Amino acid sequence: MPSLPDIMTPDAEALAKAAGKGRRVTLPAGSPEHDLFTGLTRMGDNTLILGHRVSEWCGHAPVLEEDIALANVALDMIGQTQLWLGLAGTVEGHGRSADDLAFLRDAWHFRNLLLVERPNRDFGHTLMRQFLFDAWHQPMLKALEGSSDDRIGEIALKAGKEVAYHLERSADLVIRLGDGTEESHAKMKDALERLWPYAGEMFLADEVDVRLAHEGLMPDPAGIRPAWDETVAEILAEATLNRPDSDFAHKGGKQGRHTEDLGHLLTSMQWLQRAYPGATW
Amino acid sequence: MYAQMVKSEATNDDPALLEAFQARVDANEKIEPKEWMPEGYRKTLIRQIGQHAHSEIVGQLPEGNWITRAPTLERKAILLAKVQDEAGHGLYLYCAAETLGISRDEMTEMLLSGRMKYSSIFNYPTLTWADIGAVGWLVDGAAIMNQVPLQRTSFGPYSRAMIRICKEESFHQRQGYDIMMKMAKGTPEQKEMAQDALNRFWYPSLMMFGPSDKDSVHSAQSMAWKIKINTNDELRQKFVDQTVPQAEYLGLTVPDPELKWNEEKGGHDFSEPDWSEFYDVLQGNGPCNRDRIEARQKAWEDGAWVRDAMVAHAEKRAAKRIATE
Ligand SMILES: [Fe+2]
Ligand SMILES: [Fe+2]
Ligand SMILES: [Fe+2]
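My aim in this report is to walk through the structure given alongside it, one point at a time. (Residues numbered from 1 in each chain as written. Chains lettered and ligands numbered in written order. Predicted model: local features only at pLDDT ≥ 70, side-chain atom pairs only at ≥ 80, totals over all residues. Heavy atoms only, no water.)

### Looking at the overall build of chain B
Next, step 1: When you go through chain B residue by residue, the secondary structure sums to 13 helices and two strands.
Next, step 2: In terms of overall size, chain B behaves like a compact globule, its C-alpha atoms giving a radius of gyration of 21 Å where 325 residues would be expected to give roughly 20 Å.
Next, step 3: Considered along the principal axes of its C-alpha atoms, chain B spans approximately 70 × 50 × 35 Å.
Next, step 4: Going through the 325 residues of chain B one by one, you find that 56% of them count as buried.
Next, step 5: Counting contacts in chain B only where the partners sit at least 6 residues apart, residues at least 24 apart contribute 79% of the total.
Next, step 6: For chain B, the computed accessible surface area is about 14,100 Å², with 53% contributed by carbon and sulfur atoms. (Helix = DSSP H or I, 4+ residues; strand = E, 2+ residues; numbered from the N terminus. Rg over C-alpha atoms; globule rule 2.2 N^0.38 Å. Buried < 20%, exposed > 50% of the residue type's maximum accessible area, 1.4 Å probe, protein only. Contact = heavy atoms within 4.5 Å. Areas by Shrake-Rupley, 256 points an atom, 1.4 Å probe, with all protein chains shown as cover.)

Right, dumping it as structure tokens:
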């Protein structure tokens, strides 16, 4: 194999600087600020990416009432994103706004769960994904209300009110579609089986989670599991759906290793900001 | 406006009843669904309100086209809220039409099979972010022109729907104008996009009012029944007079070399849109007719299993309730 030529760019540093304000996370990994920044982007990226996915339904839902409800859920999640990512930028202290974080990071800097970036497929799949997420999101926010950082507690309290409604709605639809017709039951069973391997990531802690939990800033993810298990068991039983046996969990989203789908999502989401850098909208 | 060229239906009712009905309309009384009304009044209203409702629904598509590409979180939230409002408008209007004895499903089937229309404006594409500004500013702006007088329409449920809707529409128009302002005062490329959006949406917005109807028998009947309040030309003139200074403020040029202030009439002289293009769009040959209707057909067909499941589940629940009673 021939050796590859060296390409020297004499003004590489200047070029990198000109490439935009602070696109790289510059906080030292392992520092308390970096841990908190990571924890906050995990929350905000979940709502950003899932909110985006849900918003893809706009104008295409099975009934008008669902168009309205889906837009409402997406709207709540975009609002929550502004709060989480806004605080993340503040904690980082390099002048990045929520918009900078949403529109100017590349996929490997996103910290959302793999579950939320999975494509919509059909309405049943979208609702099952929402339900599995909501059933985690609600107890997660409840726990965050008690954060040692008041700013986190405030956001969690506000978001929690909205998410209680999201869970009520997604659970109700999972029941109705699971225990509806033969066809709808089959579709919901398929959705559950496809999404199940993406649920486990919600409860897996890495060293950032451990340190955040130690500081009382964010809960240990494993501690959310009993509440989630209980909700899921109750709703699946009513929906006449069996909880899949496998405990296999795809993971990596929280650390920035995503599925192929995220890059495509970001390509459309970030397009204007990337195509016209520095413009105000 | 969202209801274009709605033909009024002939009526073969008892002349005494008709006369009493007209007297109520003339006295600005509201006609309620359970009360007697001429058959033509009912049919015309179903067509007009149905077309208006369909416009709100199909109107979600050109704007929904930019939700996933909105440039900031705030713009995304505002656009989502707007499209959600439009779906809500569709819902109120379908409910108003249902009081006249037609179901929402029937109206939907008629839309999907092409037997009922929606406003021609939604057959134009949204090509840049500035188009989202132009739609709010011009399309919602034109809709308001038509809907504000309809708050006083003779049919109670329609009038009440219009009162609710108008509040939100004026909000939409302001948000659209705000986008245009940012674009027009932004980078040279943004300004170019803003001008381009105005160039493309100006004449289609004028078409929203429909061709001149000053000599139309149908319009005369609808005006007598107060389900149409102004002529198309009156509304178009008002719209132009309101919009021209707004464009000037943005520093944008209305794409009409004939446009000028006419002191004598106290309004602008302006060029008519190309009505042959309007009729083409109405016949189904607008740039997006086929895409719009196919998107709605797909949503309806793909959603059939969901609607069936909801009905099936409700029946199961009802059966269980009876069994335990
Ligand atoms: Fe509307
Ligand atoms: Fe509208
Ligand atoms: Fe509107």
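Let us keep going from here.
### Considerations on the overall build of chain A
Next, step 1: Each helix and strand counted, chain A has 12 helices and zero strands in total.
Next, step 2: From first element to last, N terminus to C terminus, chain A shows the α and β order α-α-α-α-α-α-α-α-α-α-α-α.
Next, step 3: Compactness check: chain A gives a C-alpha radius of gyration of 20 Å against a globular reference of 19 Å for 281 residues, within 12% of the reference.
Next, step 4: Taken over the C-alpha atoms alone, chain A extends approximately 65 × 45 × 45 Å along its principal axes.
Next, step 5: Out of the 281 residues belonging to chain A, those deemed buried represent 56%.
Next, step 6: Carbon together with sulfur atoms contributes 54% to the accessible area of chain A, which is approximately 12,300 Å² in total.
Next, step 7: Positive and negative side-chain charges of chain A, numbering 28 and 44 respectively, have mean locations separated by a distance of 4 Å. (Lys, Arg positive; Asp, Glu negative; His and termini not counted. Charge placed at Lys NZ, Arg CZ, Asp CG, Glu CD.)

### Examining the interface of chain B and chain A
Next, step 1: Across the boundary between the two partners, chain B contributes 48 residues, which contact 50 residues of chain A.
Next, step 2: Carbon and sulfur atoms supply 69% of the area buried between chain B and chain A, which totals about 4,100 Å² over both sides.
Next, step 3: It is Leu73(B), Gln84(B) and Trp305(B) that lose the most area in chain B upon contact with chain A, and together they represent 20% of the buried surface on that side.
Next, step 4: Remark: the boundary between chain B and chain A carries two salt bridges.
Next, step 5: Residues Lys316(B) and Asp179(A) are paired through a salt bridge, measuring 2.8 Å at the closest nitrogen-oxygen approach. (Buried area = accessible area lost by both parts, 1.4 Å probe. Salt bridge = Lys/Arg side-chain N within 4 Å of Asp/Glu carboxyl O.)

### Some details on the packing of helix 12 (residues 289-302) of chain B against helix 13 (residues 304-324) of chain B
For any two helices packed against each other, the geometry is given by the interaxial angle and the distance between the axes.
Residues and elements named next belong to chain B.
Next, step 1: The N-to-C vectors of helix 12 and helix 13 enclose an angle of 35°; their axes lie 4 Å apart at closest approach. Counted together, Ala299, Trp300, Glu301 and Asp302 of helix 12 and Ala304, Trp305 and Arg307 of helix 13 form the full contact between these two elements.
Next, step 2: Each residue belonging to the contact of helix 12 with helix 13 can be placed in one class, and the counts come to four nonpolar, no polar and three charged. (Axes fitted to C-alpha atoms, helices over the stretch in contact; angles between N-to-C directions. Nonpolar A, V, L, I, M, F, W, Y, C, P; charged D, E, K, R; others polar.)

### Here we look at the side chain of His137(A)
All names here are of chain A.
Next, step 1: Following the sequence through the fold, histidine 137 ends up in helix 6 (residues 123-144).
Next, step 2: On the basis of relative accessible area, histidine 137 is assigned to the buried category, the value being 1%.
Next, step 3: Excluding residues that lie within four positions of it along the chain, histidine 137 makes contacts with Met43, Thr47, Gln80 and Val163.

### A few points about the side chain of Asn232(B)
Next, step 1: Considering the arrangement of structural elements, one finds Asn232(B) in helix 10 (residues 232-250).
Next, step 2: One polar contact links the side chain of Asn232(B) to the main-chain carbonyl oxygen of Pro211(B), over a distance of 2.9 Å. (Polar contact = N/O pair within 3.5 Å; in protein donor to acceptor, adjacent residues only side chain to side chain.)

### Thoughts on the nonpolar core
Next, step 1: Met128(A), Phe131(A), Leu132(A), Trp136(A), Trp228(A) and Trp129(B) are the most contacted members of the largest nonpolar core, which has 147 residues in total.
Next, step 2: If you tally residues by element for this core, the top one is helix 3 (residues 64-92) of chain A, at 12 residues.
Next, step 3: Setting aside its immediate chain neighbours within four residues, Met128(A) contacts Val174(A), Met188(A), Ala191(A), Leu192(A), Leu195(A) and Leu241(A).
Next, step 4: Of all hydrophobic cores here, the second largest spans 31 residues; its members include Ile46(B), Tyr92(B), Leu100(B) and Phe155(B). (Core = buried A, V, L, I, M, F, W, Y, C linked by side-chain atoms within 4.5 Å.)

### Regarding the environment of Leu36(A)
Next, step 1: Within the element layout of this structure, Leu36(A) appears in helix 2 (residues 32-55).
Next, step 2: Residues in contact with Leu36(A), not counting those within four places in the same chain, are Val91(A), Asp149(A), Arg151(A), Ile152(A), Leu212(A) and Leu217(A).

### Some points on the pattern of salt bridges
All names here are of chain A.
Next, step 1: If you walk through the whole model with that rule in mind, you get 33 salt bridges over all chains.
Next, step 2: With a closest N to O distance of 2.6 Å, aspartate 206 and arginine 42 form a salt bridge. Taken together, the residues span a long stretch of sequence, with aspartate 206 in the loop between helix 8 (182-195) and helix 9 (207-214) and arginine 42 in helix 2 at a distance of 164 residues. Like arginine 42, aspartate 206 is buried.

### Let's talk about the coordination of the iron ion (ligand 1)
All names here are of chain B.
Next, step 1: Taken together, Glu56 (OE), Glu56 (OE), Glu86 (OE), His89 (ND1) and Glu169 (OE) make up the protein donors of the iron ion (ligand 1), found 1.9 to 2.8 Å from the metal.
Next, step 2: Motif for the iron ion (ligand 1), donor spacing along one chain: E-x29-E-x2-H-x79-E.
Next, step 3: Separating the iron ion (ligand 1) from the iron ion (ligand 2) is a gap of 3.0 Å. Taken as a pair, glutamate 56 in helix 2 (residues 39-58) and glutamate 86 in helix 4 (residues 73-98) lie far apart in primary sequence, 30 residues in all. (Donors = N, O, S within 2.8 Å, 3.2 Å for Na, K, Ca; no water.)

### Topic: the packing of aromatic side chains
Next, step 1: Tallied over the full model, the rule gives 17 aromatic pairs over all chains.
Next, step 2: Seen in terms of ring centroids, Tyr276(A) and Trp281(A) are 6.1 Å apart; in terms of plane orientation they differ by 70°. Their pairing is edge-to-face. Take Tyr276(A) and Trp281(A): they sit in the same class, and that class is buried.
Next, step 3: Ring centres of Phe278(B) and Tyr279(B) lie 5.4 Å apart, and the angle between their planes is 70°; this geometry places the pair in the edge-to-face category. (Phe/Tyr/Trp six-rings, centres within 6.5 Å; stacked < 30°, edge-to-face > 60°.)

### Observations concerning a negative patch on the surface
All names here are of chain B.
Next, step 1: Among the surface-exposed residues, Glu98, Asp105, Glu106 and Glu109 lie close enough to one another that they form a single negatively charged patch.
Next, step 2: Of the residues forming the negative patch, the biggest block, three residues, is contributed by helix 5 (residues 104-112).
Next, step 3: Structurally, glutamate 106 is set in helix 5.
Next, step 4: On the basis of relative accessibility, which here comes to 44%, the residue glutamate 106 falls in the partly exposed class. (Patch = residues over 30% accessible without salt bridge, like charges linked within 9 Å, V, L, I, M, F, W, Y side chains within 5 Å.)

### Some details on unusual backbone geometry
Residues and elements named next belong to chain A.
Next, step 1: Despite not being glycine, threonine 240 has its phi angle at roughly 55°, a positive value.
Next, step 2: Of note, threonine 240 is situated in the loop between helix 10 (225-238) and helix 11 (260-269).
Next, step 3: Of the residues examined, threonine 240 reaches a relative accessible area of 41% and is grouped as partly exposed.

### Brief notes about helix 13 of chain B
Next, step 1: The terminal C-alpha atoms of helix 13 of chain B lie 31 Å apart, and with 21 residues this matches the ideal 30 Å at 1.5 Å per residue to within 8%.
Next, step 2: All buried positions along helix 13 of chain B are accounted for by Trp305(B), Val306(B), Arg307(B), Ala309(B), Met310(B), Ala312(B) and His313(B).
Next, step 3: Against the buried residues of helix 13 of chain B lie helix 3, helix 6, helix 7 (150-178) and helix 8 of chain A together with helix 12 of chain B. (Expected span 1.5 Å × (residues − 1).)

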